[in-house]
Amino acid sequence: MRNYRLTLLACLLISLFLMGCVETMTDTQKGAAVGAAAGAVGGQIIGRNHQSTLIGAGVGALGGALINDAISQEKNKQGN
């Protein structure tokens, strides 16, 4: 239980650190950061081990980046 809380706290602190850089990040990078944080927390909740947390963070980062990149491209098409 202690490791679970420590991992969850680490994920939240890293997320807060990354959110401090939001103004200088592109939409794709923001999506990757948010996706990684959400994926890490989800992976930890589901698997309750470090491997699941890392897999969740990787999948979340990839998914968040892809989704926000597609949204950005769609906005650019509509704006032009």
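Residue numbers here run from 1 along each chain, matching the order of that chain's written sequence. It should be noted that, the model being predicted, local features are given only for residues of pLDDT at least 70 and side-chain atom pairs only at 80 or more, the latter also being counted only at that level, while totals for whole chains, interfaces and linings use all residues. For side-chain calculations, the full set of non-hydrogen atoms in the structure is used, while hydrogens and water are omitted.

**Comments concerning the packing of helix α2 (residues 27-47) against helix α3 (residues 50-79)**
Then step 1. Running from amino to carboxyl end, α2 crosses α3 at an angle of 150 degrees, the nearest separation of the two axes being 6 Å. Between α2 and α3, the interaxial angle falls into the category roughly antiparallel. Between α2 and α3 the crossing geometry is right-handed. Residues D27, T28, K30, G31, A32, G35, A36, G39, A40, G43, Q44 and G47 of α2 pack against S52, T53, G56, A57, G60, A61, G64, A65, N68, D69 and S72 of α3.
Then step 2. Gly is placed with the polar residues, together with every amino acid not listed as nonpolar (Ala, Val, Leu, Ile, Met, Phe, Trp, Tyr, Cys and Pro) or charged (Asp, Glu, Lys and Arg). Classifying every residue of the contact of α2 with α3 by side-chain character gives six nonpolar, 14 polar and three charged. Orientation is described by lines fitted to C-alpha atoms, with helices fitted over the stretch in contact, and by angles between N-to-C directions that extend from 0 to 180 degrees. Strands are runs of DSSP state E lasting at least two residues, helices are runs of H or I lasting at least four, and both sets are numbered from the N terminus onward. Working definition: roughly parallel below 35 degrees, roughly antiparallel above 145 degrees, roughly perpendicular at 65 to 115 degrees, and oblique for all remaining angles. Working rule for handedness: look at the near helix, and if it is turned counterclockwise from the far one by less than a right angle, call the crossing left-handed; if clockwise, right-handed. Any two residues having at least one pair of non-hydrogen atoms within 4.5 Å are treated as being in contact.

**What to know about the confidence of the model for the protein chain**
Then step 1. Known as pLDDT, the predictor's confidence for each residue is given on a scale from 0 to 100. Scored by pLDDT, the protein chain has a mean of 83; 90% of the residues are at 70 or more.
Then step 2. For the protein chain, helix α1 (residues 2-19) is the element with the lowest average pLDDT, namely 74, and α3 is the one with the highest, namely 90.

**Considerations on unusual backbone geometry**
Then step 1. Non-glycine residue R48 carries a positive phi angle of around 55 degrees.
Then step 2. Within the secondary structure layout, R48 lies in the loop between α2 and α3.

**Digging into the environment of T53**
Then step 1. Here T53 is to be found in helix α3.
Then step 2. When accessible area is computed with a 1.4 Å probe and restricted to protein chains, residues below 20% of their type maximum are described as buried, those above 50% as exposed, and intermediate ones as partly exposed. Look at T53 and you get buried, because its relative accessible area is 7%.
Then step 3. Sequence separation between T53 and L8 is 45 residues, and the spatial gap between their C-alpha atoms is 9.3 Å.
Then step 4. Apart from the residues lying within four places of it in its own chain, the contact partners of T53 are T7, C11, G39, A40, G43 and Q44.

**Focus on α2**
Then step 1. A helix is expected to span 1.5 Å for every residue after the first. For α2, with 21 residues, the first-to-last C-alpha span of 29 Å sits near the 30 Å given by 1.5 Å per residue.
Then step 2. Those residues of α2 that fall on the buried side of the exposure criterion are G31, A33, G35, A36, A37, G39, A40, V41, G43 and Q44.
Then step 3. Two residues or fewer past α2, R48 is found with a positive phi of approximately 55 degrees.

**Quick look at the environment of Q78**
Then step 1. Residue placement: Q78 occurs in helix α3.
Then step 2. Along the primary structure Q78 and T7 are separated by 71 residues, whereas in three dimensions their C-alpha atoms are 41 Å apart.

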